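Tertiary structure, described
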Amino acid sequence: MKKWYAVIGDPIEQSKSPIMHDKWFVENEIDATYIPLHVRSCNLGDTVENLRNLGCSGWNVTIPHKSAIIPYLDALEPSATIMNAVNTVRVKEDGTLIGANTDGEGFVNALTEVFNDIEFKAKKILVIGAGGAARGIVYALRNAGNESITVANRTKHKAQRLVETVDNATAISLHEAQSNLTKYEVIIQTTDVGMMHGQAGMPIELDQLVAGTIVCDIIYNPLETEFLKEAKRKGALTMSGVDMFVHQGALSFFKWTSISPNTVTMKKTIRSLLGG
Ligand code: NAP
């Protein structure tokens with residue numbers, strides 16, 4: 001019987017996940033489809049029960065349900081517990097719903113694919129932002145063996161809370177990050193600032209940025225944020241959020257099918273959908 005998968009969120013029409021997963025199903029000759037479902041917060045619990053009862057084989061979760069879905073699931077993988085957020089649900093054969101989060105590992109896989117000739121373990125890394133995505137990225141970087149991680153956040157105590165559970169990580173304010181940019185070899189922008197239809201501008205100024213620094217922004221719409229454009233102007237090597245988006249999706253796909261799909265061609269597809 002044809003399997004079906006879904007993504008739930010509010011809003012949902014902007015999601016590129018249906019196009020991505022449907023293309024991977026075709027490429028891998030899997031008889032399945034993937035549908036976007038517009039789910040309001042007040043309907044989240046009923047939706048989870050309906051997805052379970054109607055035989056959905058797995059689904060993605062996006063804003064604003066990533067944390068709110070947790071009480072409706074049966075168990076969490078460590079990635080979801082650490083991030084207190086779920087972006088992937090897999091359904092075991094006995095119907096048990098398992099929540100996972102592929103964002104952090106997806107970011108690290110993207111970084112490794114784009115900069116495949118660079119060894120990151122000893123690099124001095126600055127993460128800007130201390131929200132759910134930053135938390136996953138910091139843990140995944142640490143799991144990948146990165147030794148020097150600094151987290152800068154507008155609300156400094158949230159950065160402090162994040163680093164309390166990570167060995168040798170440091171918390172600073174955005175101002176401190178901006179004044180000490182030359183210290184870092186890799187800068188990862190994880191705040192909402194610069195998103196299409198969201199807050200304009202940049203979370204910090206890049207006046208002190210050194211040419212050759214690796215600068216990543218996890219926002220993928222627009223394809224290039226002001227932050228990334230400015231970093232490029234100053235001679236940085238850049239990576240946009242599309243790479244992470246495709247890799248977090250590839251990890252979801254693997255959880256559902258045990259197949260690692262082609263990420264290289266998919267990045268081109270998503271970039272062209274976003275006007276790149
Ligand atoms: P979140 O948990 O709400 O965290 C938001 C972060 O942004 C917080 O650190 C917040 O700082 C900071 N922030 C918000 N407005 C700011 C401002 N004006 N100046 C400075 N900092 C500001 O969100 P999230 O889930 O981590 O997601 C963050 C971004 O990542 C979103 O744009 C999302 O679309 C993107 N994302 C991309 C992917 C991908 O696959 N490429 C995956 C996941 C998320 P405070 O603590 O001070 O409020």
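Notes on the structure in this doc start here. (Residues numbered from 1 in each chain as written. Predicted model: local features only at pLDDT ≥ 70, side-chain atom pairs only at ≥ 80, totals over all residues. Heavy atoms only, no water.)

1. Topic: unusual backbone geometry
In this structure, the amide linkage connecting Asp10 to the following residue, Pro11, adopts the cis form with an omega of 5°. You can see Pro11 is positioned in the loop between strand 1 (3-9) and helix 1 (17-27). Going from Ile63 to Pro64, the amide bond is cis rather than trans, its omega being 10°. Topologically, Pro64 is positioned in the loop between strand 3 (58-61) and strand 4 (75-76). With a phi close to 50°, Asn84 is a non-glycine residue in the positive phi region. Within the secondary structure, Asn84 is located in the loop between helix 3 (78-83) and strand 5 (88-91). Of the residues examined, Asn84 reaches a relative accessible area of 44% and is grouped as partly exposed. Positive phi is not limited to glycine here, since Ser258 has a value of about 60°. (Helix = DSSP H or I, 4+ residues; strand = E, 2+ residues; numbered from the N terminus. Buried < 20%, exposed > 50% of the residue type's maximum accessible area, 1.4 Å probe, protein only.)

2. Some words on the nonpolar core
Ranked by internal contacts, the top residues of the largest apolar core, which has 30 residues, are Phe107, Val127, Leu141, Val151 and Ile188. If one sorts the elements of this core by residue count, helix 5 (residues 132-143) sits on top with six residues. Setting aside chain neighbours within four positions, we find Val151 in contact with Val127, Gly129, Ala130, Val138, Ala159, Leu162, Val163, Thr170, Ala171 and Ile172. Val7, Val246, Met266 and Ile270 belong to the second-largest nonpolar core, a separate cluster that totals 18 residues. (Core = buried A, V, L, I, M, F, W, Y, C linked by side-chain atoms within 4.5 Å. Contact = heavy atoms within 4.5 Å.)

3. Some points on the sheet that holds strand 5
Note on sheets: strands pair through backbone hydrogen bonds, and any given pair is parallel or antiparallel. Strand order in this open sheet of six strands is 2-1-3-5-6-4, and the pairing throughout is mixed. At either margin of the open sheet sits one strand with a lone partner, and together these are strand 2 (32-38) and strand 4. Taken together, the two bridges between strand 4 and strand 6 (residues 97-100) define a ladder with parallel strand orientation. Looking at strand 6, one finds that Leu76 is bridged to Gly99. Here helix 1 sits on the sheet in contact with strand 1, strand 2 and strand 3, set at roughly 170° to strand 2. Lying on the sheet, helix 9 (residues 241-257) is in contact with strand 1, strand 2, strand 3, strand 5 and strand 6; it crosses strand 5 at an angle near 10°. (Pairing = 2+ DSSP bridges. Axes fitted to C-alpha atoms, helices over the stretch in contact; angles between N-to-C directions.)

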